[in-house]
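Topology and contacts: notes
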Amino acid sequence: MKKYKVVLLSGDGIGPEISEISSEILKKLSHKYSFDIEIKEEYFGGIAYEKYKDPAPKATLDQCKSSDAVLLACVGDLKYDSLPRELRPESGLLKLRSALNLFANIRPVKIRKSLLDASSLKKEIIEDVDLVVVRELISGIYFGQPRGQITNTKVKKAFNTMVYDTKEIERITEVAIKIANQRSKKICSVDKSNVLEVSQLWRDTVLDVASKNKDLSLSNMYVDNAAMQLVKDPSQFDVILTSNLFGDILSDLAAMITGSIGMLPSASLSNSGPGVFEPVHGSAPDIAGKNLANPIAMALSTSMMLKIGLNEEKAADDIEIAIDNVLSKGYRTSDLDNGDCNVLSCSEIGEKIIQEI
Ligand code: NAD
């Protein structure tokens, strides 16, 4: 029997509510497909700060490093916003990404037919959307040095550095190519090479790597145009490859095409070692503890973990099918309420999904 160790980081806010459902889903699937799964819960985020004065304690990071995959819910709360930056829950996320060398963030954006009316864009524009944003995650302007503030001048200044080397661009391009080869072999690389030197290096390097793959179709787009095209005609895209800053903004924009932030999963991967699978949304403090959260993004992250992290493809597909079945029967959490559906609580919709598996 195959054996897996998964570290579960429930974190803060709605995290424990949506994590409980994913735990139950994994237990059911492990019986159905005869694999053994150890789910090890660890402290991470605000809850870890409360206990250890560290949002990403070494013990948690060590457990993550020795796991087959990490399933993370969400972290953060307003009450931590006054802490020094390195003690805030969100800094724990950056620490985890660096510790596991998670340079590739994969965010699939797929329209579920039963939710066509949940988007703020017209049905005709979004109905064929099925794209993946591949974002570089541990370099670029969020990590570049030097950075800081200059306060001993007449006028205050602040600065950051956007920097990439060819190796960093090459390895994220390879990831995008691998994903494109499993889809329609089409990549759109997004940059700002008309203005930024770092983007020119990005464009040249992507072209260089992609040209070794003869059956691949590569296009380039400036980031301002890409933002416009994502709203105007999102189904033209298949794989979008981009840097850390542009990917952060474009992937949130692309996410909202589907209707609710409570629907979208993501995977953060390295070249070897465990990946981190997590919903796109935050800890939703406004609804935490009220049994109102949509657990689907977390369940879909669990599906991505099974598919990419553990190679349990059938079990992964079961989650997707179960979710589609529940939605097509008209069951929704309140974030997806269009006035014409059966609104259920977080735990109730979780039970429906588990029943469908
Ligand atoms: P958020 O994603 O937590 O919430 C934005 C809005 O979406 C809220 O109205 C919330 O109720 C709703 N929402 C989010 N997830 C939902 C779900 N599953 N079901 C139903 N509704 C949902 O973003 P925010 O309010 O900007 O941030 C709250 C906290 O989360 C902050 O501390 C922030 O730093 C943190 N955060 C964490 C992550 C992460 O853990 N990866 C990501 C983003 C924000």
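Keep in mind the model is a prediction, meaning the values are calculated, not measured.

With that settled, consider a negative patch on the surface. Where like charges cluster on the molecular surface, the negative patch consists of D165, E170, E174, D204 and D208. Taken together, the elements giving at least two residues each to the negative patch come down to α6 (166-181) and α7 (197-210). Along the chain, D208 falls in helix α7. For D208, a relative accessible area of 44% puts it in the partly exposed group.

Read across the sheet, 10 strands follow the order β2-β1-β3-β12-β11-β4-β5-β10-β8-β9 without closing on themselves; strand pairing throughout is mixed. Only two strands of the sheet have a single partner each, and these edge strands are β2 (35-41) and β9 (217-222). The average angle at which neighbouring strand axes cross in this sheet is 25°, direction not considered. For strand β4 (residues 104-110) and strand β5 (residues 130-136), the ladder comprises 7 bridges, and the chain directions are antiparallel. Its bridge partner being in β5, A104 is matched across the sheet by E136.

Ranked by size, the top nonpolar core spans 67 residues in total, and within it I25, I106, V134 and L306 carry the most contacts. Built from parts of two domains, this core gets at least three residues from each of domain 1 (1-119 + 259-357) and domain 2 (122-242). Among all residues touching I106, those that are not within four sequence positions of it are V132, V133, V134, V175, I179, S266, A267, L269 and M304. If you look at the next biggest cluster of nonpolar residues, it comprises 19 residues, including C188, V190, M221 and F246.

The rules behind the values
Residues numbered from 1 in each chain as written. Predicted model: local features only at pLDDT ≥ 70, side-chain atom pairs only at ≥ 80, totals over all residues. Heavy atoms only, no water. Patch = residues over 30% accessible without salt bridge, like charges linked within 9 Å, V, L, I, M, F, W, Y side chains within 5 Å. Areas by Shrake-Rupley, 256 points an atom, 1.4 Å probe, with all protein chains shown as cover. Salt bridge = Lys/Arg side-chain N within 4 Å of Asp/Glu carboxyl O. Lys, Arg positive; Asp, Glu negative; His and termini not counted. Charge placed at Lys NZ, Arg CZ, Asp CG, Glu CD. Helix = DSSP H or I, 4+ residues; strand = E, 2+ residues; numbered from the N terminus. Buried < 20%, exposed > 50% of the residue type's maximum accessible area, 1.4 Å probe, protein only. Pairing = 2+ DSSP bridges. Axes fitted to C-alpha atoms, helices over the stretch in contact; angles between N-to-C directions. Core = buried A, V, L, I, M, F, W, Y, C linked by side-chain atoms within 4.5 Å. Domains from an automatic or database assignment. Contact = heavy atoms within 4.5 Å.

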